[in-house]
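Structural overview for review
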Amino acid sequence: MSDRSRGRGQTKNNPLSDGSDSDRQRGTMAFQYMLMYQNSREEEIEVTDQEGRLLNRTITVIDPEIKQEVQDMLEKEFTKKNITSHMTWISECLMHRDMMTVFVMESNNSARDIDVAILKALLKANKHLDMVQLKLALAWNRIDVARSELFTEDKKWDARRLENVMLIALQENRVDFVKLFLEHGVHLRDFLTIKRLLHLYNTIPTNNLLYTLLEKEKRDESCDYFSLLDVADVILELMGDFFKPFYHRDEILCNIVTEKYMTDHPDNSDPFITTNTGPNGSHTLIRPKTSKSTHRDKEATYQFPEPVRELFIFSILLLRREMAILLWEEGKEPIAGALMAQKLLQGMKQKTEDTELQEKISSLEEYFSKTAVGLLNECYLAEETRAQMLLVRELTNWGESTVLQMAVQADNKYFISHSCCQTLLNNIWMGRLSLDNGIFRILFCVVLPPFLFLLIKYRTEEKLKMHENRIKGEKQKRMDSYNADVQQYGDTDPNNVELNSIHSEEELGLPNDKGYVAFGEPDKKQDSDNVYDFDFRRGGRKLSWWQKIAFFFNAPLVTFIYNCISYIAFLSLFSFILLTNFYPSISNAEIVLIIWVFTLFVEEIRQVVGDESSNWALKWANYIHDPWNVVDVITITLFIIGITLRFINNADCFEWARIVLALDLMLFFFRILHIFSVQKHLGPKLVMIGRMMIDLISFVVILAVFIMAYGLASQAILYPNAKLEPQLIQDVLRKAYWQMYGELFLEEIEGQIDCSSDSMFYSNGTLPRCVANNWVVPILLGFYIMVTNILLFNLLIAMFSYTFNTVQENTDLHWRTQLYFLISEYYRRPPLAPPLIMFSHIYLLIKSIFNKCCNKRRRFQGSFKMKFEGFEEKQLVLWENMLSDDYIRQQKSQEMESVPNQVKETKKQLDDLTSQIEGAAETGSDPALGTGIKISTELEQRLNYMEKQMEVTFSALEWLVKMTAEKNGISPPKLENLKEKKLQVEEQKHQRSLEEKEKMQKLFVEQIKLNVKSRTNPYPTKDGSVISRCNVPDDKVPWTVSFDEYKPTEFTAPEVLEEPYWADPNLLAYQPQKRPRLNFNNYDTVYRISRKSYIREYKITEDLFPRNPIGRTGMIGRGRLGRWGPNHSADPVVTRWAKNDQGQHLLNEDGKPILEFASIQRQDSGAYALPGGMLDPGQPVHKALQAEFREEALGSLVEGQSAQRTAIENKLARLFGKGVEVYRGYVDDSRNTDNAWLETLAVNYHDEDGTIIDHFKLRAGDTVQTASWQQCSSSVELHASHIQILQKVTEIHQAAF
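Starting from 1, residues in each chain are numbered consecutively following that chain's sequence as written. Where local features are concerned, this predicted model is filtered to residues with pLDDT of at least 70; where side-chain atom pairs are given and counted, the filter is 80 or more; whole-chain, interface and lining totals use all residues. Only heavy atoms go into the side-chain values, all of them from the structure, while hydrogens and water stay out.

A tally of regular secondary structure across the protein gives 51 helices and 15 strands. Partly exposed residues are those whose accessible area sits between 20% and 50% of the maximum for their type, while under 20% is buried and over 50% is exposed, using a 1.4 Å probe and protein chains only. Taken over 1297 residues, the protein has a buried fraction of 45%. For the protein, the accessible area works out to roughly 67,900 Å², and carbon and sulfur atoms hold 56% of it. The way it works is that DSSP assigns letters per residue, a run of H or I at least four long becomes a helix, a run of E at least two long becomes a strand, and they are numbered from the N terminus. Computed by Shrake-Rupley with a 1.4 Å probe, the accessible areas treat only the displayed protein chains as cover when residues are assessed.

To continue, consider the pattern of salt bridges. Definition used for salt bridges: Asp or Glu carboxyl oxygen within 4 Å of a side-chain nitrogen of Lys or Arg. Tallied over the full model, the rule gives 34 salt bridges. Between Glu400 and Arg249 there is a salt bridge whose closest N-O contact spans 3.8 Å. Note that Glu400 is positioned in the loop between α21 (384-392) and α22 (403-409) and Arg249 in helix α13 (residues 246-249), a separation of 151 residues in sequence. Owing to a relative accessible area of 28%, Arg249 belongs among the partly exposed residues under this scheme. Among the charged side chains, a network of salt bridges with common partners joins Glu603, Arg606, Glu825 and Arg829.

Here we take up unusual backbone geometry. Residues Pro834 and Pro835 are joined by a peptide bond in cis, for which omega reads 0 degrees. Its place among the elements puts Pro835 in the loop between α42 (811-828) and α43 (837-853). The peptide bond linking Asn1017 to Pro1018 adopts the cis configuration, its omega dihedral lying at -10 degrees. For Pro1018, the position within the fold is in the loop between α47 (978-1009) and β5 (1049-1052). Residues other than glycine seldom take positive phi values, yet Leu319 does so here, at roughly 60 degrees. Phi is positive for Arg1088, which is not a glycine, with a value near 55 degrees. Note on placement: Arg1088 falls in the loop between β6 (1083-1084) and β7 (1089-1090).

Here we come to the side chain of Gln342. Note on placement: Gln342 falls in helix α19 (residues 334-350). Other than its neighbours up to four places away in sequence, Gln342 contacts Glu365, Ser369, Ala410 and Asn412. Here a residue-residue contact requires only that any non-hydrogen atoms of the pair lie within 4.5 Å.

Once that is clear, we can look at the packing of helix α8 (residues 175-183) against helix α18 (residues 321-330). The geometry of α8 relative to α18 is characterised by a closest axis approach of 9 Å and an angle of 25 degrees between their N-to-C directions. With respect to their mutual orientation, α8 and α18 come out roughly parallel. Contacts between α8 and α18 pair Val175, Val178, Lys179 and Leu182 from the former with Glu322, Met323, Leu326 and Glu330 from the latter. Grouping the amino acids of the contact of α8 with α18 by side-chain chemistry returns five nonpolar, no polar and three charged. Inter-axis angles, ranging from 0 to 180 degrees, are taken between N-to-C directions of lines fitted to C-alpha atoms, where helices are fitted over the stretch in contact. The cut-offs work like this: below 35 degrees is roughly parallel, past 145 is roughly antiparallel, 65 to 115 is roughly perpendicular, and the gaps in between are oblique. Under the convention adopted here, Pro, Cys and the residues Ala, Val, Leu, Ile, Met, Phe, Trp and Tyr are nonpolar, Asp, Glu, Lys and Arg are charged, and Gly plus all remaining residues are polar.

Core analysis: the largest hydrophobic core is formed by 162 residues, its most contacted members being Phe368 and Phe415. Take this core: its biggest share by element is 12 residues, from helix α31 (residues 556-580). What we call a nonpolar core is a set of buried Ala, Val, Leu, Ile, Met, Phe, Trp, Tyr and Cys residues that are connected through their side-chain atoms within 4.5 Å. Ala1169, Leu1212, Val1243 and Val1264 belong to the second largest nonpolar core, which has 25 residues in total.

Let us now look at the confidence of the model for the protein. Scored from 0 to 100, pLDDT reflects the predictor's confidence in each residue. Considering every residue of the protein, the mean pLDDT works out to 79; 76% of them sit at 70 or more. Long-range and interchain partners of residues 272-293, a stretch whose pLDDT sits below 50, account for 30 contacts in this model, where long-range means more than four residues apart.

Among the structural elements, Ile456 can be located in the loop between α26 (452-455) and α27 (459-489). Counting along the chain gives 20 residues from Ile456 to Asp436, while the straight-line C-alpha distance between them is 9.0 Å. Leave out the neighbours within four places in its chain, and Ile456 touches Leu433, Asn437, Arg441, Ile442, Cys445, Phe451 and Phe552.

Right, let's get into the environment of Lys1218. As for its placement among the helices and strands, Lys1218 is situated in the loop between α50 (1203-1215) and β13 (1219-1227). Judged by relative accessible area, which is 41%, Lys1218 ranks as partly exposed. Note: C-alpha distance between Lys1218 and Asp1247 (29 residues apart in sequence) is 9.3 Å. Dropping the residues within four chain positions of it, Lys1218 is found in contact with Asn1244, Tyr1245, His1246 and Ile1252.

The residues that make up patches have over 30% relative accessible area and no salt bridge, and they are joined within 9 Å when like-charged or within 5 Å when they are Val, Leu, Ile, Met, Phe, Trp or Tyr. All tallies of charge rest on Lys and Arg as positive and Asp and Glu as negative; His and the ends of each chain are not included. All charge positions are set by atom: Lys at NZ, Arg at CZ, Asp at CG, Glu at CD. Residues Glu215, Asp220, Glu221, Asp224 and Glu259 make up a contiguous surface patch of negative charge. With respect to the helices and strands, the residue Glu221 is situated in the loop between α11 (209-217) and α12 (228-239).

Moving on, we come to the pairing of strand β9 (residues 1125-1137). Where burial is concerned, most of β9 is hidden: 13 out of the 13 residues are buried. In this analysis, strands are considered paired if DSSP registers two or more bridges between them. The sheet contact formed by β9 and strand β14 (residues 1236-1247) spans 12 bridges and is parallel. Residue pairing in the sheet places Val1134 in a bridge with Tyr1245 of β14. Pairing of β9 with strand β12 (residues 1173-1174) involves two bridges; the strand directions are antiparallel. When the bridges of β12 are listed, Ala1130 appears paired with Gly1173. Note: β9 against strand β10 (residues 1155-1162), three bridges, orientation antiparallel. Note that in β10 the partner of Trp1137 across the bridge is Leu1155.

Our next topic: α42. An ideal rise of 1.5 Å per residue puts 26 Å on 18 residues; α42 measures up with 26 Å between its terminal C-alpha atoms. Of all 18 residues making up α42, 13 are buried, and the element is well covered by its neighbours. For a helix, the expected span equals 1.5 Å multiplied by the number of residues minus one.

Turning next to the side chain of Lys343. As for its position among the elements, Lys343 is in helix α19. A 3.5 Å cut-off defines polar contacts: any pair of N or O atoms within that distance qualifies, except that in protein one atom must be a possible hydrogen donor and the other a possible acceptor, and neighbouring residues in sequence count only when both atoms are side-chain atoms. A distance of 3.3 Å separates a polar side-chain atom of Lys343 from the backbone oxygen of Gln409.

Let us look at the packing of aromatic side chains. Ring pairs shown here join Phe, Tyr and Trp side chains whose ring centres sit within 6.5 Å, with only the six-membered ring taken for Trp; geometry is labelled stacked below 30 degrees between planes, edge-to-face above 60, and tilted in between. Across all of its chains, the model carries 41 aromatic pairs by this definition. Between Trp328 and Phe368, the ring centres sit 6.3 Å apart and the planes meet at 80 degrees, which makes this aromatic pair edge-to-face. Of the two residues, Trp328 sits in helix α18 while Phe368 sits in helix α20 (residues 355-382), which places them 40 residues apart along the sequence. Owing to a relative accessible area of 5%, Trp328 belongs among the buried residues under this scheme. Look at Tyr820 and Phe821: their rings are 5.4 Å apart centre to centre, the planes differ by 75 degrees, and that puts the pair in the edge-to-face class.

As a further point, take a nonpolar patch on the surface. On the surface, Ile586, Ile591, Ile595, Phe647, Leu832, Leu836, Met838, Phe839, Ile842 and Ile846 cluster together to form a nonpolar patch covering roughly 900 Å² of accessible area. Mapped onto the nonpolar patch, the elements with two or more residues apiece are α32 (588-609) and α43. Counting residues per element, the nonpolar patch draws most heavily on α43, which supplies four residues. Residue position: Phe839 is located in helix α43.

Glancing now at the environment of His199. For His199, the position within the fold is in helix α10 (residues 194-201). Distance in space between the C-alpha atoms of His199 and Met262 is 7.0 Å, their sequence separation being 63 residues.

Take a look at the structure:
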């Protein structure tokens, strides 16, 4: 059998590289290709592969009328001498239409759609490489193309294959692609490894704010990469010390070596895991085998507990809005995530001075702030208690903080002011006391504690009563049901099932002997909790007398009241001492006062020590952050100074002590304003005072400029050359300051008092100094008073008014935020008030020493932070996530229904519709594209129906006109007959079809004469290397035409030079006189092949080489052909009549029967062709014809020994016994050269009655892709000159073509 590699070649043509000498001609060629491309179509045919499976493949079909139209246009542009080559090039390009894309640049939307056209062209070029296509779509950021072309319903993607492109999408901020990959199965827990996360952080742009922050927090300056600890330090810097980053808490992440992970490509996700690539491209992970679990093994198998959180934080730090929102929606605990994002963004905004970047950060911060509030509201409306549990649950995944704590740190006033937070704060404020206890009842019990047993209600007892009432109701319902059954069915056994269904009191949750309810948390857990904690999980229970006392006095509200009473007593004592009892000798009252202040000092120390921060610097910073703590520090410092001066045995020091302590008392009185913050009406006023103080400070800076300017000028004019002394500074400022308030000093300025100009008198203070000039300063004074009193003071009033209105609009907002800090302070404060608080301090000191000795870790648990574990935590998180999904859906639905979005969507739809209409109009309005618009079948049926109706209407009108004319005695007007017109059009169409066939026949003949395909560039090499021919114009092809510039390329393929059995020796390697003599134009007995040409005797050159009988090809040597001179091949054309399902012959529009021929699809070029191949040495032609058909179109069907093979062989013997020669001659093939060319003998084997191959199933051989039956038509594109052979076959059988 013939070798398939030498029987077929690959054709790659460029229709624009044909020697055209103008852009206009190249544009015309492109336009003609576009015309044929748009009016050709792809039809699906059934083919059979090498294993006998039926497949659907597409072939290109071109309308013959369009071919004729293009040919006419080419004749006008290139003249007749070039029409053959141009038509051939265009036709061959259409055979590879999947490799080409037509785009009309003159269309209205060309600027918008050209990127899509280029991308689709690249996708076509890589249609078998789906991962390359996906990367192209990702690089172009065309999610629409990816969804429509790559992620279709019939194509399944392996999630592991998508992980690498998922990493690229995260790097390039391709949000839609990340969402697409998540939808198609990418599991983030498997995707996100330590290496990939490090790669993400180490590939951020250098101009990004995060890069600057990482550089600043970088621990190891010698390392070229950022570590996860560096990232954790940045998070800690932005969030604050209350937040404990996950990377600091995880032992494995704290000890990884960054360089080890960054040496390889991130696609290899783990440095400890190697991959084994299988034969099908699959990857198998190979982990190191060890006998024990080492740290290295843990790193190799490490998985982030919450990978979505890590990517969400990464997106927030890079300020990628859409990506952050997507990952936030995918993650868990959305309220905590939104608040953390807000806090991170606040910190980043403070780290940059770029105004545009700050606006971008503020916009994203506002989104997450509002989202957090919206989610909280959704949870609160669903279930109040669970919503409050969400606020105080310790979040292991979010820095071991709480939602409420993050909201406070992010200064989200709307969140803190929400009813859910305020309800929680009220519950914490009341402790275990019932909310029904009025303030006057509590005050009465504070003054008279014994009455608390009678007046105070407790929350736990209320829960118990509610539960008892519920159980009693359940009992009563069951008893009523039982009584009803007795009345209906008569007396029953009292021990029946219904009565037994009433459980014991303990099973129903009633109090047992210990007084506890048998539901909720275990009793030991309840007893072990702090008595002042408010816990949602507790049920009701009876309280003992000592528990009632403990719960009452440990309530933060009661602690606050006692501290207020204590502070008032302290101020009273302090005032009494300074006013009436402050003598050099110390009194008992002073000793009590000193002890009292000392307890206040110790309490401030406790607040610093009790802060949750990790180091003393942060503890002190958090303490100073509260303005009232600053006041406390000042007051205690002044008290220490005053007491120290008081004990110095000196009269002046004693007086200074009185002054310092008096000022200190004034500040202590200011400190009492802190108590007012709990009051709803006074609290906002304190906020106003604080804001106005800030306004006042900025105003004083401006005012100081005017005071100094006027004071210095007036002093210099009135008292020149004054002596430099401290009194001078007082004189400069004193008058200028008090003159603002109306004390003008006019007598002194105008010199109306007794004074002296003699320095002896005014220097010793005998007389005041006289002014030097008394007319300029009054003018300055008038201007100064006008500016300060009218302008500046009114400016200050306006500033205060603005601040007042701003705060007044958000009164509750500011007050509720301040209330949180007050409740938090007194929740953590010991229940005893100063000075008795010293006993609490002693207890806490002993407890702290004990915990230190026992190495017990202090955990900040309580009502503000609760630890939920196990099923309870999972249930709470699931509930939050479900409500979050509902909230997100509602928000998206509202956004879709909003007017701006509807306008946007309507505009988009109108743009798409306009584009489609304009595209159709552009295609249909061009005269050259008259057949460009493709009409659907439904529309064609409607048009045919309308045409018939028009004919009926025309007949009726003709009859009416005829009858009217006869009635009036006039000759009727002659109307155009539509039927005759239609017949004329059909006749013209038929005539054009005949002319077209005649021209096509001439074109085929001319194509062979001009060696069109034999001159194509580049030459079709087997290994894909580019070998170019010498350019030969059409008029220089014949050897009879002189062509002095002809310098053909020398090329013989390497596989031919190896001299296999089907190849001749390389004559070019020998000297002319030593070359072997081949028997050209005769039968070569040495090589057992015929070297005779089917055309005529060919000439031998002076160098003893055969010369192509048709003409020049631009190449010498043999190329990929084995023989010098003619290379004979055989092409069997096996045909049968096309039939429908009923067995009837199919006819075309002209009534001619349609032939079907056996075709194969080539492996090298993918083009369809007739079966066939080269003749082997000594092989007869008729044997080669049969062998090629068996080898290529039947494949394994004729292999082995079976009954099926015997039946097939019998049919083939009958078929091949009546062959008709169709063509014998030259083949215009792209592999031809000047010294070697293809010639073929084509024989038609036709099954006329269908008894042989009517239901013959083809099967592709090993050397072809597929085998199939196709209909004979001039619109089918075939390899080489096979279409001409097919036309001759149809002429023999008088079939349609």
